[in-house]
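Report on the structure
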Amino acid sequence: LFRLFFYLILGSIGFYLMLFTFIKDKEKYTTNKSLKKFLPSLYNMFYVILNLSIFYYYEYKLNLPTLLKAENHGLYACFKQNGDYIIKSGSWASKTHFYGSYKINDTIIILDKSNFDDVLSTNKLVIRKVKNNNKIQFMLFQIDKKGKEIIEKDSFEITEDNRINK
């Protein structure tokens, strides 16, 4: 909701500036009859189209069908069905987004990168069933190259699991 409000305010300001620039450029054109007077308006239109394209590209990536979602203390990992992932790390105002691809083989997830904001120290993760307070849940653990769980690192609770064979 806040993001929509934020974009609405920025979009309104950008639209006002673009309209103001276009009106000024039109006034200059009527006196000089030179198309070069519209260069600031063309620059504004290019900037708006570029921003909208980037916004829609990342919204498209965010809204792809999800295979797995995992969370833990400010870290959000979303593994999409097409083999892409989105990892968000940090607090609300300073959140960092990481995008990449992964491969999953049974319960092992291998990311194309490692070291995400000192939260993930490896590119290998494993999905395990854990009994916690008489409740069975799926967790995501970091593992080293030998397949051993990295104990000092946090585990992540899987909040959405759309795998066929769990």
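Refer to the preceding data block for the structure.
Criteria and thresholds
- Residues numbered from 1 in each chain as written.
- Predicted model: local features only at pLDDT ≥ 70, side-chain atom pairs only at ≥ 80, totals over all residues.
- Heavy atoms only, no water.
- Buried < 20%, exposed > 50% of the residue type's maximum accessible area, 1.4 Å probe, protein only.
- Helix = DSSP H or I, 4+ residues; strand = E, 2+ residues; numbered from the N terminus.
- Phe/Tyr/Trp six-rings, centres within 6.5 Å; stacked < 30°, edge-to-face > 60°.
- Lys NZ or Arg CZ within 6 Å of the ring centre and 35° of its normal.
- Pairing = 2+ DSSP bridges.
- Patch = residues over 30% accessible without salt bridge, like charges linked within 9 Å, V, L, I, M, F, W, Y side chains within 5 Å.
- Areas by Shrake-Rupley, 256 points an atom, 1.4 Å probe, with all protein chains shown as cover.
- Salt bridge = Lys/Arg side-chain N within 4 Å of Asp/Glu carboxyl O.
- Core = buried A, V, L, I, M, F, W, Y, C linked by side-chain atoms within 4.5 Å.
- Contact = heavy atoms within 4.5 Å.
- Polar contact = N/O pair within 3.5 Å; in protein donor to acceptor, adjacent residues only side chain to side chain.

Let us now look at unusual backbone geometry. Not every positive phi belongs to a glycine, and Asp 106 is a case in point at roughly 60 degrees. Among the residues examined, Asp 106 registers a relative accessible area of 65% and is labelled exposed. Of note, Asn 134 is a non-glycine position whose phi angle comes to about 60 degrees, a positive value. Here Asn 134 lies in the loop between β6 (124-132) and β7 (135-143).

Turning next to the packing of aromatic side chains. For any pair of aromatic rings, geometry is given as the distance between the ring centres together with the angle between the planes. The full count for this structure, using the stated rule, is six aromatic pairs. Judged by centre distance (6.3 Å) and plane angle (20 degrees), the ring pair of Tyr 16 and Phe 20 falls under stacked. Placement of both Tyr 16 and Phe 20 in helix α1 (residues 2-32) is noted, with a separation of four residues, approximately one turn of the helix. Ring centres 5.1 Å apart and planes at 75 degrees place the aromatic pair Phe 79 and Tyr 102 in the edge-to-face group. Within this pair, whereas Phe 79 is found in strand β2 (residues 75-80), its partner Tyr 102 is found in strand β4 (residues 96-105), the two being separated by 23 residues in sequence. A relative accessible area of 8% means that Tyr 102 is categorised as buried. An aromatic cluster of at least three residues, connected via ring pairs, comprises Tyr 57, Tyr 58 and Tyr 99. Stacked on the ring of Phe 138, the Lys or Arg Arg 163 has its end atom at 5.6 Å from the ring centre.

Bridge count between strand β5 (residues 108-111) and β6: three bridges; the pairing is antiparallel. By the bridge assignment for β6, Ile 110 is matched with Lys 124. Adjacent in sequence and paired antiparallel, β6 and β7 are bridged by two residues, among which Asn 133 carries a positive phi angle near 55 degrees.

Nonpolar side chains collect at one region of the surface, where Phe 5, Ile 9, Ile 13, Tyr 16, Leu 17 and Phe 20 lie side by side and expose about 620 Å² of accessible area between them. Taking relative accessible area as the criterion, Phe 20 reaches 43% and is therefore assigned partly exposed.

The subject of this paragraph is the nonpolar core. In this structure, Phe 79, Ile 87, Ile 109, Leu 111 and Leu 140 are the most contacted members of the largest nonpolar core, which totals 19 residues. When residues of this core are traced back to their parent elements, those giving at least two are β1 (66-72), β2, β3 (84-89), β4, β5, β6 and β8 (156-161). Residues within four places of Leu 140 in sequence aside, it is in contact with Ala 70, Phe 79, Ile 109, Leu 125, Val 126, Ile 127, Ser 155, Phe 156 and Ile 158.

Position of Asn 72 among the secondary structure elements: in strand β1. For Asn 72, a relative accessible area of 15% puts it in the buried group. Side-chain polar atoms of Asn 72 contact the side chain of His 73, separated by 3.0 Å. If we skip the residues at most four places from it in the chain, Asn 72 touches Asp 154, Ser 155 and Phe 156.

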